[in-house]
Amino acid sequence: MKTKSILTKIAAFLAFIIGAMAIFAGEQVILGTLPDYYVIVWLPIYNFIIGIASVFFTAIVIWKNTRLALPTALATFSVHATVMVLLQTTYREVVAPDSIKAMTVRMIVWIIILILLFSQQVNNKKNKEKQNER
């Protein structure tokens with residue numbers, strides 16, 4: 001398997017796993033299993049929706065290595081970053097430390113996904129340049 005394919009598959013797998021974790025976390029609270037700390041009402045819904053989008057759209061787009069893979073991953077990271085800023089500013093006094101930790105993990109995983117996809121894109125450009133030189 002070529003390096004570029006491996007990078008894409010790893011990125012898709014990470015997107016699937018982090019999305020599934022968000023679905024599980026959001027679903028538990030939505031269905032009534034409340035943690036022992038205050039839950040911001042919209043946050044489990046956000047987790048569930050972004051998880052669904054990650055598993056059933058973003059991971060698939062990345063796996064298939066479509067032209068939308070990098071923009072979709074970047075959009076997903078951007079949404080997480082926006083929510084993190086919102087949690088750290090508007091909800092600073094009430095957000096649970098566990099929510100901040102979970103969002104931090106998500107953002108780190110999406111940064112890794114973006115690095116993998118960007119590396120693949122750079123490799124693709126180098127390979128095309130080599131082919132054009134021949």
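Preceding this paragraph is the structure being described.
Before going into details, it helps to say that this report is about the structure given with it.

What counts, and where the lines are drawn
- Residues numbered from 1 in each chain as written.
- Predicted model: local features only at pLDDT ≥ 70, side-chain atom pairs only at ≥ 80, totals over all residues.
- Heavy atoms only, no water.
- Helix = DSSP H or I, 4+ residues; strand = E, 2+ residues; numbered from the N terminus.
- Buried < 20%, exposed > 50% of the residue type's maximum accessible area, 1.4 Å probe, protein only.
- Expected span 1.5 Å × (residues − 1).
- Axes fitted to C-alpha atoms, helices over the stretch in contact; angles between N-to-C directions.
- Parallel < 35°, antiparallel > 145°, perpendicular 65-115°, else oblique.
- Left-handed = near helix turned anticlockwise from the far one by under 90°.
- Contact = heavy atoms within 4.5 Å.
- Nonpolar A, V, L, I, M, F, W, Y, C, P; charged D, E, K, R; others polar.
- Core = buried A, V, L, I, M, F, W, Y, C linked by side-chain atoms within 4.5 Å.
- Patch = residues over 30% accessible without salt bridge, like charges linked within 9 Å, V, L, I, M, F, W, Y side chains within 5 Å.
- Areas by Shrake-Rupley, 256 points an atom, 1.4 Å probe, with all protein chains shown as cover.
- Salt bridge = Lys/Arg side-chain N within 4 Å of Asp/Glu carboxyl O.

Considering the side chain of Gln-120
Here's step 1: Looking at the element boundaries, Gln-120 is found in helix H4 (residues 97-133).
Here's step 2: Relative accessible area serves as the criterion here: at 5%, Gln-120 is assigned to the buried category.

Observations regarding H4
Here's step 1: Taking 1.5 Å of rise per residue, 37 residues should cover 54 Å, and H4 covers 54 Å from first to last C-alpha, within 8% of that figure.
Here's step 2: Buried within H4 we find Ser-99, Ile-100, Met-103, Arg-106, Met-107, Val-109, Trp-110, Ile-113, Leu-114, Leu-116, Leu-117 and Gln-120.

Some details on the packing of helix H3 (residues 69-89) against H4
Here's step 1: At a minimum axis distance of 9 Å, the contact between H3 and H4 shows a crossing angle of 155°. Between H3 and H4, the interaxial angle falls into the category roughly antiparallel. Note that H3 runs across H4; the crossing there is left-handed. Here Ala-69, Leu-70, Ala-73, Leu-74, Thr-76, Phe-77, His-80, Ala-81, Val-83, Met-84, Leu-87 and Gln-88 of H3 lie close against H4, whose contacting residues are Ile-100, Met-103, Thr-104, Arg-106, Met-107, Trp-110, Ile-111, Ile-113, Leu-114, Leu-117, Phe-118 and Gln-121.
Here's step 2: In terms of residue class, the contact of H3 with H4 is built from 18 nonpolar, 5 polar and 1 charged.

Notes on the nonpolar core
Here's step 1: Ile-62, Ala-73, Leu-87, Met-103, Trp-110 and Ile-113 are the most contacted members of the largest nonpolar core, which has 29 residues in total.
Here's step 2: Of all the secondary-structure elements, those providing two or more residues to this core are helix H1 (3-30), helix H2 (42-63), H3 and H4.
Here's step 3: No other element matches the 9 residues that H4 contributes to this core.
Here's step 4: When residues no more than four places from it in sequence are discounted, the contact partners of Ile-62 are Thr-8, Ala-11, Ala-12, Ala-15, Ala-69, Ala-73, Trp-110, Ile-113 and Leu-117.

Let's talk about the packing of H2 against H3
Here's step 1: Closest axis-to-axis distance for the H2/H3 pair is 10 Å, and the angle between their directions is 165°. Overall, the two elements H2 and H3 adopt an arrangement that is roughly antiparallel. As H2 packs across H3, the resulting crossing turns out to be left-handed. In this structure, H2 contributes Trp-42, Leu-43, Tyr-46, Ile-50, Ser-54, Phe-57, Thr-58, Val-61 and Ile-62 to the contact, and H3 contributes Ala-69, Thr-72, Ala-73, Thr-76, Val-79, His-80, Val-83, Leu-86 and Leu-87.
Here's step 2: Grouping the constituent residues of the contact of H2 with H3 by class yields 13 nonpolar, 5 polar and no charged.

Looking at a nonpolar patch on the surface
Here's step 1: On the surface, Phe-13, Phe-16, Ile-17 and Met-21 cluster together into a nonpolar patch covering about 400 Å² of accessible area.
Here's step 2: Residue position: Phe-13 is located in helix H1.

Some points on unusual backbone geometry
With the exception of glycine, most residues fall at negative phi, and the peptide bonds are largely trans.
Here's step 1: With a phi close to 60°, Asn-65 is a non-glycine residue in the positive phi region.
Here's step 2: Residue position: Asn-65 is located in the loop between H2 and H3.

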